[in-house]
Every structure is written in structure tokens, then in C-alpha cells.
Amino acid sequence: MKKYTFYIALVLAITVISCKKEEAPKPKVIYQDTSKAKTEVPEDTTQIEIADLPINMEGTNYLIFPIGTVSGDKKGIKASYESNTGYTVSNYSEYQISGYLKNLKFQEIGKDTIYALSDANVLIETATYLKSTADKTKKQLMVYTVADMDTNKDSKLDNNDIKSLYVSEISGKNFTKISVDFQELIDWNVVDSRHRLYFRTVEDTNKNGAFDKEDRLHYFYLDLLSKEWKAEEYRPI
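Residues numbered from 1 in each chain as written. Predicted model: local features only at pLDDT ≥ 70, side-chain atom pairs only at ≥ 80, totals over all residues. Heavy atoms only, no water.

## Some details on the sheet that holds strand 3 (residues 90–93)
Link 1 in the chain: The six strands are arranged 3-4-7-8-9-10 in an open sheet whose pairing can be described as antiparallel. Each edge of the open sheet is held by one strand with a lone partner, namely strand 3 and strand 10 (176–177).
Link 2 in the chain: Both strand 8 (residues 141–147) and strand 9 (residues 164–169) contribute to a ladder of six bridges, which runs antiparallel. Among the inter-strand pairings, V143 is bridged to a residue of strand 9, identified as V167. (Pairing = 2+ DSSP bridges. Helix = DSSP H or I, 4+ residues; strand = E, 2+ residues; numbered from the N terminus.)

Right, here's the structure in full:
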């Protein structure tokens, strides 16, 4: 009887594992309504904002405060910090801030005013200072990877939503989206000799909600010396 029970349990376990493997990946885009208004996410009032200590990118005149959130509860703010994520909301490596950040705030050194990068509900995954470009062009810029729309319509912004590319001045001013809505950012780099930021995106051309080999790649560059930040598409193949 024990051996029979063991075999039943084994078969059930294998069945469950097989079912999980066969589950289709969750789509990044739901096409019920892809208008910007329908993909914005309302503020979550259960979340409590906290700021990390300020960061000063070498050679710049601004402090940057990473802003993240933790869940609140009736036990108070301190209890929610201790039971969930702790006090730190970001990571910092040379010239890049990363995390799942609600915002960044900026303060010019020597001044008291602190202001936000954006007043929109966004999720900032990386913020990178283009130091090498600044050395050559005297323009100090930041590049950001951001989720700015609830593309999978699960009523939250996270890394399951489409990632977009933004740029701003080192002061955080002129925060501008340069990738196309509903195209997933693949990667980006800077070619100093041409003063250009190059990036690739993928478009869900077959509208299956996922990004795969059947979809179309797009190639863009941004002239970092231009007064107007508008990406130009090019076709290398």
C-alpha cells in the first residue's frame, strides 16, 4: 500500500512539473486598448517612499537622490522596513544607479532646492551618466531605462512591462523619451567618435503579446550634440 501511494505521489508530482513547463510565458503587451491613457497606473497609496543617501557623479555639480518604496502597514513605517526590504532601495556602481526606483531627485551643489526627475508614475531600472561623452562634448547627460506604461495590464509597473529609453541633462531637466511606445528596448551604447547614442528595440509585429524571433528589430541613433532629442531610425541590414 505504501509503495502504491508513493507511485501515485510521484505521478502527480511529474504531472504538476510538466504542466508548469507547458505554461506559456506571460505576455508583455495586452492589446485590449493600447492608448497611453489606458496603460497609466494610478498611485499605490499603500507604498511608502524612502530615499537613499545622495550620489554625486564624478565631475558633476549635482547630487542625485534615489527614491524607492516599501510596503506600509498598521504597525508603522519602521516595522515595514524591517520586515520587507530594509532601508536601501538602489545600487550604485561607477556612473550608474540601478534598482526598481519610483523617481530620482536632484539638487545642485550649493543650493537648497531639491526637485524630481519626473512627476509621472514610472519605474526607473537604471540611470547612467555619460561621462566619456561629457569629456568630449562638454554636455553632461544621463540615460535611463524606464517602464512608463502598464503594457500587460496587471495594474502595476514592474519588469514585466515594456522597457523604454529616456535621456536628460545631468541636472535631471528635460527628461525625454527617445524610444517608441510599445517597442521593447534591447540594448544601447554610445559611440564617442560620432557623439551618438545607438539603441535597438523590438516591435511585436505579430501581436502575440511577446517579443520573439518572429518580430521586427528597429535600429536608432540619437545625436547627442543636437538641441532637439529625437532619435533617427537607420537600417544596417
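## Overview of the sheet that holds strand 1 (residues 47–51)
Link 1 in the chain: Reading across the sheet, the four strands line up as 1-2-5-6 and stay open at both edges, with antiparallel pairing between neighbours. In this open sheet, the two strands that pair with only one neighbour each are strand 1 and strand 6 (115–116).
Link 2 in the chain: In this structure, strand 1 lies alongside strand 2 (residues 62–71), joined through five bridges in antiparallel fashion. Counterpart to A51 in the pairing with strand 2 is I67.

## Side note on the packing of aromatic side chains
Link 1 in the chain: Taken as a whole and assessed by the stated rule, the structure comprises nine aromatic pairs.
Link 2 in the chain: Each ring, one from F106 and one from Y115, has its centre 6.3 Å from the other, and the planes form 20°; the classification is stacked.
Link 3 in the chain: Note on Y198 and Y221: the rings are 6.0 Å apart at their centroids and 45° apart in plane angle, and the pair reads as tilted. Highlighted residues: Y198 in strand 12 (residues 196–203) and Y221 in strand 13 (residues 216–223), separated in sequence by 23 residues.
Link 4 in the chain: Y221 sits in the buried class, given a relative accessible area of 19%. (Phe/Tyr/Trp six-rings, centres within 6.5 Å; stacked < 30°, edge-to-face > 60°. Buried < 20%, exposed > 50% of the residue type's maximum accessible area, 1.4 Å probe, protein only.)

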